[in-house]
Amino acid sequence: MDRRKLALGATMLTILLAFICINSGRTQAAIPAHIPIDGIFKPSIGVDSSVQAGGIVKVTPDSQNKKGAIWSEEQYKIDLTHNFTSLMYVNLGDKKAQSGDGMAFVMMNDPDKVKNWQQVTGGALGVWRNPFSWVKDNSAIAKSFAIEFDTYHNGNDFDGLLPNDGPDRGRVAYNFPGQDSAYQRLPSRLYALNHLQPQKPQNGDYLSNGTWHPFRVKWDSLKKQLTYQFDDYAPVTVAIDPATVFGTNQVYWGVTGSTGDYSELNQVVFSEIPGLNSIDSPVTMTDLEKTTPTVSLTNNQAMQTSQLYVGRTVHYSITQTNLPTNTEDIDQLVANIQLGLTTYKPGTLKVDGVSQPDSHWKTGKQLQQAVGSLTQHKMTARIEFDATVDQIDVSKAQTASATDQFTYNAKSLMDKQFKIPYTVTNDFTQIVINNNPQHRITAYELGKMKAMQNAQDVVRELVRIGNIAQRYSDKKPISTDQITTKTDALAAIKNLTLGKSLIISFIANEPGMSAVSSVGIFIVDSDTGSLTRPFTSTDGKHQLLANLEYLKPDGSGADCDYEYSNSNCSWG
């Protein structure tokens with residue numbers, strides 16, 4: 001092979017790779033943190049704009065003669081009777097001196113332009129008058145205010161009023177596109193734009209330099225002043241009378257852009273959006289059963305899983321909290337609650353201590369509840385209600401995972417969702433049997449017994465469970481001849497509902513007794529505290545003895561030293 005051709009090929013390959021690296025570097029600038037804009041902005045009809053995944057807006061592609069515009073939806077207009085702040089990042093490509101034409105931040109009251117975009121391409125940036133028109137026309141956006149990020153100098157006509165102080169590398173400036181004062185007739189009879197308070201890149205840089213430029217806007221409703229800052233340029237303050245400029249206090253806002261014979265990739269992302277406040281929503285779920293410790297969990301950024309018990313009553317307290325950093329009131333706040341493995345108890349719903357109708361619940365698991373407004377004077381609202389922890393399939397598992405969801409929306413709040421994970425367990429209320437080995441039947445074990453067809457199988461299962469407990473207590477195993485097989489044993493098991501405690505109690509050798517051990521099956525009602533015995537067993541020679549202590553719902557205790565025939569203790 002000809003070495004000269006080989007060398008030339010290698011050189012061309014090096015140039016090509018360098019070009020690829022440079023251009024890939026241009027598109028690899030780190031995208032700033034931003035929020036999704038679904039439902040907040042949408043492109044006009046007839047533009048070349050698109051919304052990319054994650055909320056990146058491509059205002060125009062890097063192609064000649066393209067036009068772009070993206071506008072706030074009706075419910076996300078800016079309310080100029082309130083203060084607001086906004087932060088976005090604009091990227092004007094990386095074409096430097098070959099770039100054109102730029103973008104503009106726009107506030108306006110021209111609904112027709114929101115829906116259908118008829119602007120020309122090139123130097124108008126989608127907001128100014130047609131820069132090539134010899135006569136005054138209505139191509140500019142009426143009732144508007146615009147801040148331009150212009151990357152291309154349109155010669156001695158449209159940009160002819162700019163000072164000739166060196167190479168033009170782009171500019172940031174403002175004006176009111178629909179007002180005649182924004183333009184000046186030139187000797188050529190073309191119209192030139194008045195670029196008010198123009199700011200230019202320094203140190204030989206360009207606006208089109210591949211950088212995501214932060215752009216901040218702040219509105220003072222009392223002074224009727226808008227202050228903006230591009231990058232680290234000096235802040236610029238503009239007096240705006242909404243009645244004169246827009247004819248209203250409710251204005252659309254968005255970004256427009258265009259390309260001409262020169263082009264660039266124009267992009268924008270939003271980090272703070274006017275009208276989008278944030279809230280916190282601590283949630284506490286408290287087990288109301290007095291026989292167990294309170295279970296509560298509080299919602300922060302991340303939730304730890306907590307445990308609830310089947311059949312228990314839990315009290316929900318959800319506090320919606322306005323954040324001090326919000327610049328607007330949160331009006332008409334509505335909470336949408338979806339319960340996981342709990343069900344609402346009728347008659348318990350309250351908002352700020354005031355009872356609410358049960359009809360606000362779509363089902364026992366879905367609540368839609370208005371809570372009013374959150375302001376700087378009323379920072380919180382509270383929703384409260386009771387719910388019962390649901391039963392789960394006890395034949396399959398002892399526990400189940402669940403999540404409650406709390407979603408909030410308001411006129412000035414982007415939908416926000418909090419999730420509360422927890423575990424539901426089938427374990428029953430604890431009862432303490434002093435001085436005896438014990439085993440508390442779990443709902444999983446109970447479910448197996450409820451599925452059995454005869455009492456003898458139930459007895460065998462109880463013996464199996466009992467032997468496991470005995471092994472852990474160093475007692476001798478129970479044999480089937482120690483348990484009297486009664487038909488009512490099966491009925492008692494099958495009628496046992498979740499929320500009760502089923503306990504096998506083992507009695508060790510007592511002085512003077514010949515029995516190896518005895519077993520008793522006890523049920524405690526967690527609601528009433530009463531005890532029942534579906535069946536008992538002895539070794540046929542001695543009566544069942546036990547020393548029981550249990551807690552009543554009021555927290556008091558009762559000690560019973562008795563024989564089977566002793567009537568001093570209530571067995572139900």
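The rules we used
Residues numbered from 1 in each chain as written. Predicted model: local features only at pLDDT ≥ 70, side-chain atom pairs only at ≥ 80, totals over all residues. Heavy atoms only, no water. Helix = DSSP H or I, 4+ residues; strand = E, 2+ residues; numbered from the N terminus. Areas by Shrake-Rupley, 256 points an atom, 1.4 Å probe, with all protein chains shown as cover. Contact = heavy atoms within 4.5 Å. Pairing = 2+ DSSP bridges. Salt bridge = Lys/Arg side-chain N within 4 Å of Asp/Glu carboxyl O. Buried < 20%, exposed > 50% of the residue type's maximum accessible area, 1.4 Å probe, protein only. Polar contact = N/O pair within 3.5 Å; in protein donor to acceptor, adjacent residues only side chain to side chain. Phe/Tyr/Trp six-rings, centres within 6.5 Å; stacked < 30°, edge-to-face > 60°. Core = buried A, V, L, I, M, F, W, Y, C linked by side-chain atoms within 4.5 Å. pLDDT = per-residue confidence, 0-100.

Engineer: Looking at this model, I keep getting lost on the overall build of the chain. Mind explaining?
Structural biologist: Scanning the chain for helices and strands turns up six helices and 36 strands. Total accessible area on the chain is roughly 26900 Å²; 50% of this is exposed by carbon and sulfur atoms.

Engineer: Can you walk me through the environment of F149 in this structure?
Structural biologist: Counting through the fold element by element, F149 comes out in strand β8 (residues 144–150). Counting along the chain gives 44 residues from F149 to F105, while the straight-line C-alpha distance between them is 8.1 Å. Setting aside chain neighbours within four positions, we find F149 in contact with V90, L92, D101, G102, M103, A104, F105, R171, V172, L207, F215 and F230.

Engineer: Got a minute to help me understand the pairing of strand β3 (residues 57–60) in this structure?
Structural biologist: A regular strand carries its side chains on alternate faces of the sheet. Pairing geometry for strand β2 (residues 50–51) and β3, over two bridges, is antiparallel. Looking across to β3, one finds that V51 is bridged to V57. Relative to strand β17 (residues 266–272), β3 runs antiparallel, the two sharing three bridges. Following the sheet pairing, K58 is matched in β17 by Q267.

Engineer: Help me out: how do you make sense of the pattern of salt bridges in this one?
Structural biologist: Opposite charge on two side chains lets them pair, provided their charged atoms get close. Tallying each qualifying case throughout the model produces 11 salt bridges. Linking D62 and K95 is a salt bridge whose minimum nitrogen-to-oxygen distance equals 3.1 Å. Of this pair, D62 sits in the loop between β3 and β4 (67–72) while K95 sits in the loop between β6 (84–91) and β7 (102–108), and the two are 33 residues apart along the sequence. Take K95: its relative accessible area is 25%, and that puts it in the partly exposed class. Sharing partners across several salt bridges, the network here consists of D150, D168 and R171.

Engineer: What is the right way to look at the side chain of T60 in this model?
Structural biologist: Within the element layout of this structure, T60 appears in strand β3. Polar side-chain contacts of T60 include one of 2.9 Å to the side chain of N266. Setting aside anything within four residues of it in sequence, one finds T60 in contact with K66, K67, G68, G257, S258, T259, E264, L265 and N266.

Engineer: Would you mind going over unusual backbone geometry with me for this structure?
Structural biologist: Note: most residues except glycine have negative phi, and most peptide bonds are trans. Residues G100 and D101 are joined by a peptide bond in cis, for which omega reads 0°. Locating D101 in the fold gives a position in the loop between β6 and β7.

Engineer: Is there a simple way to explain the side chain of N209 in this structure?
Structural biologist: Note that N209 resides in the loop between β12 (196–199) and β13 (213–220). Judged by its relative accessible area of 16%, N209 is buried. Engagement of the side chain of N209 in a polar contact is seen with the backbone nitrogen of T211, the distance being 3.1 Å. If near-sequence neighbours (up to four positions away) are discounted, N209 is found in contact with G93, D94 and K96.

Engineer: Is there a simple way to think about the environment of I31 in this case?
Structural biologist: On the secondary structure map, I31 appears in the loop between α1 (3–27) and β1 (41–43). Contact partners of I31, with chain neighbours within four places excluded, come to I56, W212 and V269.

Engineer: Even after reading the chapter, I still don't get the packing of aromatic side chains, so can you show me in this structure?
Structural biologist: Remark: the centre distance and the inter-plane angle together describe each pair of aromatic rings, the angle taken between the planes. Tallied over the full model, the rule gives 18 aromatic pairs. Where F145 meets F176, the ring centres are 5.3 Å apart and the plane angle is 50°; that geometry is what we call tilted. With F145 in strand β8 and F176 in the loop between β9 (171–175) and β10 (183–185), the pair connects residues that are 31 residues apart, well separated along the chain. Since its relative accessible area comes to 0%, F145 is described here as buried. Arranged with centres 6.1 Å apart and planes meeting at 70°, the rings of Y344 and F385 form a pair that is edge-to-face.

Engineer: I keep staring at the nonpolar core and nothing clicks. Help me out?
Structural biologist: Within soluble globular proteins, side chains that are nonpolar tend to cluster in buried spots. In this structure, F145, I147, F149, Y228 and F270 are the most contacted members of the largest nonpolar core, which totals 41 residues. Leave out the neighbours within four places in its chain, and F145 touches F105, V106, M107, Y174, N175, F176, P177, L226, V238, I240 and F246. Grouped together as the second largest cluster of nonpolar side chains are 35 residues, V314, Y316, L339 and A387 included.

Engineer: What should I look at first to understand the confidence of the model for the chain in this one?
Structural biologist: Low pLDDT marks regions whose predicted coordinates should not be analysed in detail. Per-residue pLDDT for the chain averages 75, and the proportion of residues at 70 or more is 65%. Mean pLDDT across the elements of the chain bottoms out in strand β35 (residues 546–551) (32) and peaks in strand β15 (residues 236–239) (98). pLDDT under 50 marks residues 1–27. Its contacts with residues more than four places away, or in other chains, come to two contacts. Note on residues 428–436: pLDDT is under 50 here. Beyond four places in sequence and across chains, it has 42 contacts.

Engineer: Mind showing me how you'd approach the sheet that holds β2 here?
Structural biologist: The strands making up a sheet associate through hydrogen bonds between their backbones, and the pairing can be parallel or antiparallel. Strand order in this open sheet of seven strands is β2-β3-β17-β6-β13-β14-β15, and the pairing throughout is antiparallel. Strands at the two margins of the open sheet, each flanked by one partner only, are β2 and β15. Bridge analysis of β6 against β13 gives seven bridges, and the strand direction is antiparallel. Opposite S86, over in β13, you have V217 as the bridge partner.

Engineer: Help me understand the pairing of strand β16 (residues 250–258), please; the structure alone is not making it clear to me.
Structural biologist: Taken across its nine residues, β16 has eight buried, putting it largely inside the fold. Note that β4 and β16 share five bridges and pair antiparallel. Pairing of I70 across the sheet is with V255, part of β16. In this structure, strand β5 (residues 78–79) lies alongside β16, joined through two bridges in antiparallel fashion. Bridging from a neighbouring strand, I78 pairs with V251 of β16. Here β7 runs beside β16; their pairing, made up of seven bridges, is antiparallel.

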